[in-house]
Amino acid sequence: MHADAGTQAGIEKRLNDAGFQEPQSFVLEHGYCRSVYVTDPNGMIVEFTLDHPEVEDINRIALGRAHSELKRWLAGDHTSNNTFR
């Protein structure tokens, strides 16, 4: 689910107040977005994402180099292409 900053902060507060800790709930900073993950009572992992403020520029840059990145990856170079984190 895509969330705005206030919603994501509220979700994190409610999770913390309810005693959720890793690995039940955790945050990943992907660079292009920030994700809050939580495991629901049925064992499903739910993700609440907040886009980076410059996500449109990040997407434009990634789109511009998608073919060369795929070629690099297929050639065996599996280093990360995420320079935004």
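Everything below is about the structure shown above.
One structure accompanies this document, and this report is about it.

Basis of the calculations
- Residues numbered from 1 in each chain as written.
- Predicted model: local features only at pLDDT ≥ 70, side-chain atom pairs only at ≥ 80, totals over all residues.
- Heavy atoms only, no water.
- Pairing = 2+ DSSP bridges.
- Helix = DSSP H or I, 4+ residues; strand = E, 2+ residues; numbered from the N terminus.
- Axes fitted to C-alpha atoms, helices over the stretch in contact; angles between N-to-C directions.
- Contact = heavy atoms within 4.5 Å.

## Topic: the sheet that holds strand E3 (residues 45-51)
- Spatially, the three strands line up as an open sheet ordered E1-E2-E3, and their pairing is antiparallel. Whereas interior strands pair on both sides, the edge strands pair on one side only; in this sheet they are strand E1 (25-29) and E3. Each adjacent strand pair in this sheet contributes to an overall mean axis angle of 20°, direction not counted.
- With seven bridges joining them, strand E2 (residues 33-39) and E3 adopt antiparallel strand pairing. Among the inter-strand pairings, Val36 is bridged to a residue of E3, identified as Phe48.
- Packing against the sheet, helix H1 (residues 5-17) makes contact with E1, E2 and E3, and its axis sits at approximately 35° to E2.

By themselves, these observations are geometric and do not establish any function.
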